[in-house]
Amino acid sequence: MHKTDLIEKIAESTESSKASVGKVVNALFETVSQSLQKGESVTILGFGVFNVTKLKARKGRDLQTGKEIKIPARKAPKFKASANLKELVRGKKK
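Conventions adopted
Here the residue numbers are simple positions, counted from 1 along each chain's written sequence. Per-residue local features are limited, in this predicted model, to residues with pLDDT of at least 70; the limit for side-chain atom pairs, both in listing and counting, is 80 or more; totals at the level of whole chains, interfaces and linings are taken over all residues. Excluded from the side-chain calculation are hydrogens and water; included are all heavy atoms of the structure. Exposure above 30% relative accessible area and the lack of any salt bridge qualify a residue for a patch; like charges then connect within 9 Å, and the nonpolar side chains Val, Leu, Ile, Met, Phe, Trp and Tyr within 5 Å. Note on areas: Shrake-Rupley with a 1.4 Å probe; residue coverage comes only from the protein chains shown. Here, a salt bridge means any side-chain nitrogen of Lys or Arg that lies within 4 Å of a carboxyl oxygen of Asp or Glu. A helix here means a DSSP run of H or I that spans at least four residues, while a strand means a run of E at least two residues long, and both kinds are numbered starting from the N terminus. Only protein chains enter the accessibility calculation, which uses a 1.4 Å probe; a residue whose area is less than 20% of its type maximum is buried, one above 50% is exposed, and one in between is partly exposed. Each residue after the first adds 1.5 Å to the expected span of a helix. Under this scheme, a helix contributes an axis fitted over its contacting stretch, all axes are lines through C-alpha atoms, and angles between N-to-C directions fall in the 0 to 180 degree range. Throughout, the term roughly parallel applies to angles under 35 degrees, roughly antiparallel to angles over 145, roughly perpendicular to angles from 65 to 115, and oblique to all others. The hand of a helix crossing depends on one turn: near helix anticlockwise from the far one by less than a right angle means left-handed, and clockwise means right-handed. Throughout, a contact is declared for two residues whenever any of their heavy atoms are within 4.5 Å. Side-chain classes follow a simple rule in which Ala, Val, Leu, Ile, Met, Phe, Trp, Tyr, Cys and Pro form the nonpolar group, Asp, Glu, Lys and Arg form the charged group, and the remainder, Gly included, forms the polar group. DSSP calls a pair of strands paired once it identifies at least 2 bridges connecting them.

**Q** Is there a simple way to think about a nonpolar patch on the surface in this case?
**A** On the surface, a nonpolar cluster with roughly 240 Å² of combined accessible area is contributed by Ile44, Phe47 and Phe79. Relative to the assigned elements, Phe79 resides in strand E5 (residues 74-81). On the basis of relative accessibility, which here comes to 35%, the residue Phe79 falls in the partly exposed class.

See below:
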């Protein structure tokens, strides 16, 4: 599902305009992104937790040349699904 599909589904189920739902969806994504940028986690009960994880520097290999390269430490976004969401996906809960 793409962002536009998500907006359409929400607009249908809430009987709202796509424009207003689009603004809400964009605001949600912007807020989550800004919080992660600050290093804060975002918890949505019954859905999951978005947070930032620190990845250590490591060695890798350039696939074209075969030479060893250094991959620098970095931060990456991470999502952990809630138990409720996991059960829904597994088909154990409706």
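This is not the end of the story, as more comes after the structure.
**Q** Mind showing me how you'd approach helix H1 (residues 3-14) here?
**A** With 12 residues, H1 should reach 16 Å at 1.5 Å per residue; the first-to-last C-alpha distance of 16 Å fits that figure. Positive phi appears at Glu15, one or two residues downstream of H1, with a value of about 55°.

**Q** Mind showing me how you'd approach the packing of H1 against helix H2 (residues 18-37) here?
**A** Two quantities define a packed helix pair, namely the angle between the axes and the distance from one axis to the other. Here H1 crosses H2 at 125°, and the two axes come no closer than 9 Å. Relative to H2, the element H1 lies oblique. The two elements H1 and H2 cross, and the hand of that crossing is right-handed. Judged by residue contacts, Lys3, Leu6, Ile7, Glu8, Ile10, Ala11 and Thr14 of H1 engage Lys18, Val21, Gly22, Val25, Asn26 and Phe29 from H2. The class makeup of the residues in the contact of H1 with H2 is 7 nonpolar, 3 polar and 3 charged.

**Q** Explanation requested: unusual backbone geometry in the structure shown.
**A** The backbone phi angle of Glu15 is positive, close to 55°, even though this residue is not glycine. Take Glu15: it is sitting in the loop between H1 and H2. What makes Glu15 exposed here is its relative accessible area of 76%.

**Q** Explain the sheet that holds strand E2 (residues 48-55) here, please?
**A** The strands making up a sheet associate through backbone hydrogen bonding, with each pair oriented either parallel or antiparallel. The strand order across the open sheet formed by 3 strands is E1-E2-E5, and the pairing between neighbours is antiparallel. Because the sheet does not close on itself, it has two edges, and the strands there are strand E1 (42-44) and E5. Ignoring strand direction, the axes of neighbouring strands in this sheet form an average angle of 30°. Here E2 pairs with E5 via 8 bridges, running antiparallel. Counterpart to Phe50 in the pairing with E5 is Phe79.

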